[in-house]
Amino acid sequence: MVFRGTISDAADFDPTADAETLYNAMKGIGSDKEAILDLVTSRSNAQRQEIITAYKCSYGKDLIEDLKYELTGKFERLIVSLMRTPAYLDAKEIHDAVKGVGTNEKCLIEILASRNNKQTQDMVEAYKDAYGRDMEEDIIKDTSGHFKKMLVVLLQGTRDESGVVDADLVQQDAQDLFEAGEAQWGTDEAKFIMILGNRSVTHLRMVFDEYEKVAEVSIEDSIKNELSGDFERLMLAVVQCIRSVPMFFAKRLYKAMKGLGTADNTLIRIMISRSEIDMLDIRECFRLRYEKSLYNMIKDDTSGDYKRTLLNLCGGDDDLAGEFFPEAAQIAYKMWELSAMAKVQLRPTVRPASDFDPAADAQALRKAMKGFGTDEDAIIDIVAQRSNAQRQEIRQTFKSLLGRDLMKDLKSELSKNLERLIIGLMMTPAEFDAKMMRKAIEGAGTDEHALIEILVTRSNEEIHAMNSAYQNAYKKSLEEDIQSDTSGHFCRILVSLVQGAREEGEADLERADADAQELADACNAESDDMEMKFMSILCTRSFPHLRRVFQEFVRHTNKDIEQIIKKETSGDVKQAFYAIVRSVKNRPSYFADRLYKAMKGLGTDDRALIRIMVSRSEIDLFNIRKEFKEAHDVSLHEFIQVETMIGDTSGDYRKTLLMLCGGED
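Residues numbered from 1 in each chain as written. Predicted model: local features only at pLDDT ≥ 70, side-chain atom pairs only at ≥ 80, totals over all residues. Heavy atoms only, no water.

The name given to the protein in an unreviewed UniProt entry is Annexin, and the organism recorded there is Oryzias melastigma. Word for word, the UniProt comment on the protein under Sequence similarities (unreviewed entry) is "Belongs to the annexin family." A UniProt comment under Function (unreviewed entry) is attached to the protein, and it reads "May associate with CD21. May regulate the release of Ca(2+) from intracellular stores." (UniProt positions renumbered as here; feature names shortened; annotations may be inferred.)

Here is the structure:
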């Protein structure tokens, strides 16, 4: 196995001298924390165990107990954890996860999904030695259902590690997984547990590729569609670890540090457990996925001696580097290949109502708005539970039966965000997009993010319909309004996109390679020339073709296209190119990120929230929900519930958004 850690054996190691250094650092009043952290983080775990023995021999004292006495807080936890063997550290983490009230399922999932057979078996033995209890029995007592069964399977540490792959069995396993999930009503969870819990890593990677051919969706998407709760999260973690253990940990580290507060236990556990195994690969995967070095994220998110120790374990700042390590380049290339192969089944949250009666709905809406007061609940229940086509029938019937304009009545009876949301739902998609573009342009200041989001994610047909609706509503050309409100290369990008002339169809592999070479060459050109070349390809080629272009770009440059965009472009041009790349890679994930940014922090960007919830509810809002949960460890439903409380005293706005969301994940 190739060493990819950041911590290795120190040369000229003398455990007795190190024990004396630590003793001197702790004697007297106060302690020399810098000396402690510098020594501990520059020795391998095996050497630390020798230091513990030498310390006891020289001073008749327990080094770990002395460290606990002298140090405090997160720094103490980190240093003490570094002094434990990997098996005993894992055993302690599992014990802490199951003891007391409540269970830390995320910790159980992380450890059991990522450890190899020997690591798992050593951990089970260490648990028995440290606590006099059986780990399997404790986990069985504390968990339930299919989640418990899969944990027990992983706990055996008996995954096939022979490296032998049977091509016939690969095809059979792919077919069995398909028949256990996508091909039937309900799910045969036992089949998923048996195959994902026992087959070798090499075998399963081939099964996942074969599965996509059979099911026309990725194994991850099938798991999101078929499973739920902790069992779903465990199976996704297993799949992620089969594909790339470093990428799995890069995601875990990012989630541990993003947002308000830091999940310090997770951060400590991962930084220690991977420091002698694959921290270099984790760093590269982190930079690939989040466009920021792990080093800088730790630096921004922690402080003091705790920070210094973590940075020593991290080992270096990858933002100072340009190219990928070979392993990370292979992962980036594979990620684009998977994106190109995947055929995602888009799932809405709003569908046509059965037994639909437009006349009855029109009468009910009129009744809800007649007299003093307005029955908002009745309006919400009808509007949020009808498809857009059905809402258009209701509009027409309202006018035919009652001689009134439903939109005008709704505007007069509702107010604030609820009015904006209900009116948005009652418009056709083209009318709504046209209105959103108008709002983004009119008045002082321009909402560039809205312009980018709409023009990047709409199909040619949707853009043409929006252009017509804009002309009809405002008696002006959308293209001309964009030109009068924006400038430079950003204006040219938007004008290119608003033509609705993006190529359609599958990738041309030979042309994709040529396009990738052109983009690679453009990276060495002047800024203006580079941006024009990027625009000519990113704004005109089909999304399937661009996936292949971006994949080949990694091969030509040993860099990821997102990395180049971040480094070589700026401002609105960077945001536009970045949105195209994110949408090409995974459009539901792009929208999940936009929703998160619309609600996090102080104040909610209600216009963005309404725009996305309305426009995606009949297309892919279910997929967006799943991506939101995976990226942010909280359901979209729960996030909306919390973030829209301020300013929505009646709760009607929030209720409508939650109905569009369609459920808790």
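**Student:** Hey, could you go over the overall build of the protein for me, with residue numbers and the actual values?
**Tutor:** Within the protein, the secondary structure is distributed over 40 helices and zero strands. Rg of the C-alpha trace for the protein: 28 Å, near the compact-globule value of 26 Å for 665 residues, within the 12% margin. Viewed in the frame of its principal axes, the protein has a C-alpha envelope of about 95 × 60 × 60 Å. In the protein, which comprises 665 residues, the share counted as buried stands at 53%. Contacts spanning at least 24 positions in sequence make up 74% of the contacts within the protein whose residues lie at least 6 apart. (Helix = DSSP H or I, 4+ residues; strand = E, 2+ residues; numbered from the N terminus. Rg over C-alpha atoms; globule rule 2.2 N^0.38 Å. Buried < 20%, exposed > 50% of the residue type's maximum accessible area, 1.4 Å probe, protein only. Contact = heavy atoms within 4.5 Å.)

**Student:** Help me get a handle on the packing of aromatic side chains, residues and values and all.
**Tutor:** How two aromatic rings sit relative to each other is given by the distance of their centres and the angle of their planes. Counted under the stated rule, the structure contains 14 aromatic pairs. Relative to Phe577, the ring of Phe534 lies with its centre 6.0 Å away and its plane at 45°, an arrangement referred to as tilted. In this pair, Phe534 sits in helix α33 (residues 527-538) while Phe577 sits in helix α36 (residues 571-599), placing the two residues 43 residues apart along the sequence. This pair shows no difference in class: Phe534 is buried, exactly as Phe577 is. Of the aromatic side chains, those joined through ring pairs into one cluster are Tyr23, Tyr55 and Tyr59. (Phe/Tyr/Trp six-rings, centres within 6.5 Å; stacked < 30°, edge-to-face > 60°.)

**Student:** Go over the nonpolar core, please, and point to the residues and values.
**Tutor:** Leu196, Met271, Phe534, Leu538 and Met613 are the most contacted members of the largest nonpolar core, which totals 201 residues. When sequence neighbours within four positions are dropped, the list of residues in contact with Met613 reads Leu595, Leu621, Leu636, Ile640, Leu657, Leu660 and Cys661. (Core = buried A, V, L, I, M, F, W, Y, C linked by side-chain atoms within 4.5 Å.)

**Student:** So what's going on with the pattern of salt bridges? Residues and values would help.
**Tutor:** Counted according to the given criterion, the structure contains 50 salt bridges. Of the charged contacts, one joins Glu65 and Lys68 as a salt bridge, the two residues approaching to 3.8 Å between their closest N and O atoms. Of this pair, Glu65 and Lys68 both sit in helix α4 (residues 63-70), three residues apart, which is roughly one turn of that helix. Since its relative accessible area comes to 45%, Glu65 is described here as partly exposed. With a closest N to O distance of 3.5 Å, Asp381 and Lys655 form a salt bridge. With Asp381 in helix α23 (residues 376-383) and Lys655 in helix α40 (residues 652-661), this pair connects stretches of sequence that are 274 residues apart. For Lys655, a relative accessible area of 28% translates into the label partly exposed. (Salt bridge = Lys/Arg side-chain N within 4 Å of Asp/Glu carboxyl O.)

**Student:** Please give an account of unusual backbone geometry that cites residues and values.
**Tutor:** Most peptide bonds are trans, and most residues other than glycine sit at a negative phi. Not every positive phi belongs to a glycine, and Glu216 is a case in point at roughly 65°. Relative to the elements of secondary structure, Glu216 occurs in the loop between α13 (201-215) and α14 (219-226). Glu216 gets classed as partly exposed once you look at its relative accessible area, which sits at 45%.

**Student:** Please set out helix α16 (residues 245-257) residue by residue, giving values where relevant.
**Tutor:** With 13 residues, α16 extends 19 Å between its outermost C-alpha atoms, agreeing within 8% with the 18 Å of an ideal straight helix rising 1.5 Å per residue. Within α16, eleven of the 13 residues are buried, leaving the element largely enclosed by the surrounding structure. Among all positions of α16, only Val245, Pro246, Met247, Phe248, Phe249, Ala250, Lys251, Arg252, Leu253, Ala256 and Met257 are buried. Capping the start of α16 is the job of one residue whose side-chain oxygen sits 3.1 Å from the backbone nitrogen of Met247: Ser244. (Expected span 1.5 Å × (residues − 1). Polar contact = N/O pair within 3.5 Å; in protein donor to acceptor, adjacent residues only side chain to side chain.)

**Student:** For α13, give the residues involved together with the corresponding values.
**Tutor:** Each turn of an α-helix holds 3.6 residues, which means side chains three or four residues apart point in the same direction. With 15 residues, α13 ought to run about 21 Å at 1.5 Å a step, and its terminal C-alpha atoms sit 20 Å apart, in line with that. Where α13 is concerned, the buried positions are His203, Leu204, Val207, Phe208, Glu210, Tyr211, Glu212 and Ala215.

**Student:** With reference to specific residues and values, describe the environment of Leu636.
**Tutor:** Relative to the helices and strands, Leu636 is located in helix α39 (residues 636-643). When the C-alpha atoms of Leu636 and Ala35 are compared, they prove to be 46 Å apart, with 601 residues separating the residues in sequence. Not counting the four nearest positions on each side in its chain, Leu636 is found in contact with Leu595, Met599, Met613, Leu621, Arg625, Phe628 and Cys661.

**Student:** Would you mind going over the side chain of Asn45 in detail, with residue names and values included?
**Tutor:** Secondary-structure assignment places Asn45 in helix α3 (residues 45-59). Side-chain polar atoms of Asn45 contact the backbone oxygen of Arg84, separated by 2.8 Å. For Asn45, the contacting residues outside a window of four places in its chain are Leu82, Arg84, Thr85, Pro86 and Glu276.

**Student:** Break down the packing of helix α25 (residues 406-413) against helix α26 (residues 416-426) for me, citing the residues and quoting the values.
**Tutor:** Across the interface, α25 lies against α26 with an axial gap of 9 Å and an inter-helix angle of 170°. As summarised for this structure, α25 and α26 are arranged roughly antiparallel, according to the angle between their axes. Contacts between α25 and α26 involve Leu406, Met407, Leu410 and Lys411 from the first element and Glu419, Ile422, Ile423 and Met426 from the second. Partitioned by chemical class, the residues of the contact of α25 with α26 number six nonpolar, no polar and two charged. (Axes fitted to C-alpha atoms, helices over the stretch in contact; angles between N-to-C directions. Parallel < 35°, antiparallel > 145°, perpendicular 65-115°, else oblique. Nonpolar A, V, L, I, M, F, W, Y, C, P; charged D, E, K, R; others polar.)

**Student:** Explain the environment of Glu448 residue by residue, including any values.
**Tutor:** Topologically, Glu448 is positioned in helix α28 (residues 448-457). Judged by its relative accessible area of 25%, Glu448 falls in the partly exposed class. When the C-alpha positions of Glu448 and Gln49 are compared, they lie 57 Å apart, and in sequence the two are 399 residues distant. Excluding residues within four positions of it along the chain, Glu448 makes contact with Phe490 and Asp572.

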